[in-house]
Amino acid sequence: MFERTDILSRLAGQVAERKAILAAASSCGLVAKCAALGGADMLVVYSTGLSRLMGLPTSRIGDSNARTLELAAEIRNVVSSVPVIGGVEAWDPLRLDLDDLLDNFLAVGFSGVINYPTISTMGEKWRDRRGRVGLGFERELEMIATARKKNIFSLAYVASPEDAKAMASSGADCIVPHVGATRGGLVGHEEGQSIQEAIRRINEINAAAQAVRSDVILLCHGGAVAEPQHTFEVYRSTECVGFVGASSIERIPIERSVKAAAEEFKAVPLPRHH
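Residues numbered from 1 in each chain as written. Predicted model: local features only at pLDDT ≥ 70, side-chain atom pairs only at ≥ 80, totals over all residues. Heavy atoms only, no water.

### Examining the packing of helix α8 (residues 161-170) against helix α9 (residues 195-212)
- Contact geometry for α8 and α9: axes closest at 8 Å, N-to-C directions at 30°. Overall, the two elements α8 and α9 adopt an arrangement that is roughly parallel. For the pair α8 and α9, the sense of crossing is right-handed. Taken together, the residues of α9 that come into contact with α8 (itself represented by P161, A164, K165, A168 and S169) are E204, I205, A208, A209 and V212.
- Of the residues in the contact of α8 with α9, the class split is seven nonpolar, one polar and two charged. (Axes fitted to C-alpha atoms, helices over the stretch in contact; angles between N-to-C directions. Helix = DSSP H or I, 4+ residues; strand = E, 2+ residues; numbered from the N terminus. Parallel < 35°, antiparallel > 145°, perpendicular 65-115°, else oblique. Left-handed = near helix turned anticlockwise from the far one by under 90°. Contact = heavy atoms within 4.5 Å. Nonpolar A, V, L, I, M, F, W, Y, C, P; charged D, E, K, R; others polar.)

### Let's talk about helix α7 (residues 137-149)
- With 13 residues, α7 should reach 18 Å at 1.5 Å per residue; the first-to-last C-alpha distance of 19 Å fits that figure.
- Turning to α7, its buried residues are F137, R139, E140, L141, M143, I144, T146 and A147.
- Buried positions along α7 lie against α5 (98-107), β4 (112-114), α6 (124-132), β5 (153-158) and α8.
- Just past α7, the residue N151 takes up positive phi, approximately 60°. (Expected span 1.5 Å × (residues − 1). Buried < 20%, exposed > 50% of the residue type's maximum accessible area, 1.4 Å probe, protein only.)

### Brief notes about the pattern of salt bridges
- Overall, the coordinates contain 17 salt bridges when judged by the stated rule.
- Taking the shortest distance from any N to any O, the salt bridge between D63 and R95 comes out at 3.1 Å. Of this pair, D63 sits in the loop between α3 (49-53) and α4 (64-78) while R95 sits in the loop between β3 (84-87) and α5, placing them 32 residues apart in sequence.
- Residue classification places D63 among the partly exposed positions, given a relative accessible area of 32%.
- Assessed through its relative accessible area of 22%, R95 is described here as partly exposed. (Salt bridge = Lys/Arg side-chain N within 4 Å of Asp/Glu carboxyl O.)

### Quick word on the sheet that holds β4
- Across the sheet, eight strands lie side by side as β7-β6-β5-β4-β3-β2-β1-β8; this open sheet has parallel pairing. Two strands close off the open sheet at either side, each with one partner strand: β7 (217-218) and β8 (242-245).
- The pairing of strand β6 (residues 174-177) with β7 spans two bridges and is parallel. The residue bridging C174 from the neighbouring strand is I217, located in β7. (Pairing = 2+ DSSP bridges.)

### A closer look at the packing of α7 against α8
- Where α7 contacts α8, the axes come no closer than 8 Å and their chain directions differ by 30°. Our classification of the angle between α7 and α8 gives roughly parallel. In terms of crossing hand, the pair formed by α7 and α8 is right-handed. Only D163, A166, M167 and S170 of α8 make contact with α7, whose side of the interface consists of F137, E140, L141, I144, A145 and R148.
- For the contact of α7 with α8, the class distribution of residues is six nonpolar, one polar and three charged.

### Description of the packing of aromatic side chains
- Throughout the structure, instances matching the rule amount to four aromatic pairs.
- Plain terms: the ring middles of Y116 and Y157 are 5.3 Å apart, the flat faces sit at 70° to each other, and that makes the pair edge-to-face. Here the residue Y116 occupies a position in the loop between β4 and α6, and Y157 occupies one in strand β5, the gap between them amounting to 41 residues.
- Judged by its relative accessible area of 14%, Y116 is buried.
- Its relative accessible area of 1% is what places Y157 among the buried residues.
- Lying across the ring of F137, R127 places its NZ or CZ 4.5 Å from the centre. (Phe/Tyr/Trp six-rings, centres within 6.5 Å; stacked < 30°, edge-to-face > 60°. Lys NZ or Arg CZ within 6 Å of the ring centre and 35° of its normal.)

### A look at the pairing of strand β1 (residues 21-25)
- Burial runs high along β1: four of the five residues are buried.
- Two strands pair when backbone bridges link them, and β1 and β8 are joined in this way by four bridges, in the parallel orientation. Within β8, the residue paired with L22 across the bridge is F243.
- Here β1 pairs with strand β2 (residues 42-45) via three bridges, running parallel. If you follow A23 over to β2, its bridge partner there is M42.
- What joins β1 to β2 is helix α2 (residues 29-37), and the crossover it makes is right-handed. (Right-handed = clockwise from strand over helix to strand, strands pointing away.)

Written as structure tokens, this is what we have:
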């Protein structure tokens, strides 16, 4: 377990050394172990990661909070050197007490939280419908505010400048502009924005967050920001100091590596005497 002040100090140290922050999605022990060995500053665990490991497009699987809580033991069994952040579905109607829900995440060993699955990326119609019954984005804001009151480290996905302002006001330690589903790989979203468009959106979101609080840590995620060279472009053109990798860490590299390994083994010919 890592205290909020300790995590913030570790992240500040990386930036001071001109090293980008990396938050790596890890939905199984092997991915978590390898990501930590590769230098990830923190691991982020989402229930949606299970769909990626199933060979599916990123999808919400079953009872999101229950699945994420179950994953903690497997991840923390093999990684203790970096903080593990849990994805909280704040608008879960079966868990209306957010204070109690956060206590559950702490109890299984998460050192921080992020608002994921987030309703901010699900379209205005669904968001408005949920908001009318009190189970919309406002619940995510309340979850982050509750985390801050309990001195729990937090990241916040935001999809618009307005959401960025609200999350900064709620006390999120890190603001993460979410600019769309990650492109690339076998089940990625190939069409869509250019890296230039992603950077434009990131800058709008970052400016909104910084207008509220100058101390927020800005990370990037999604859309056309899928490969290391893309993050270089983002760092060069925005105030972001790191990357939250989900499909970019635990789906696309596995797809490539396993396919390549199978091809290499299959390409080995049998000797003539067989």
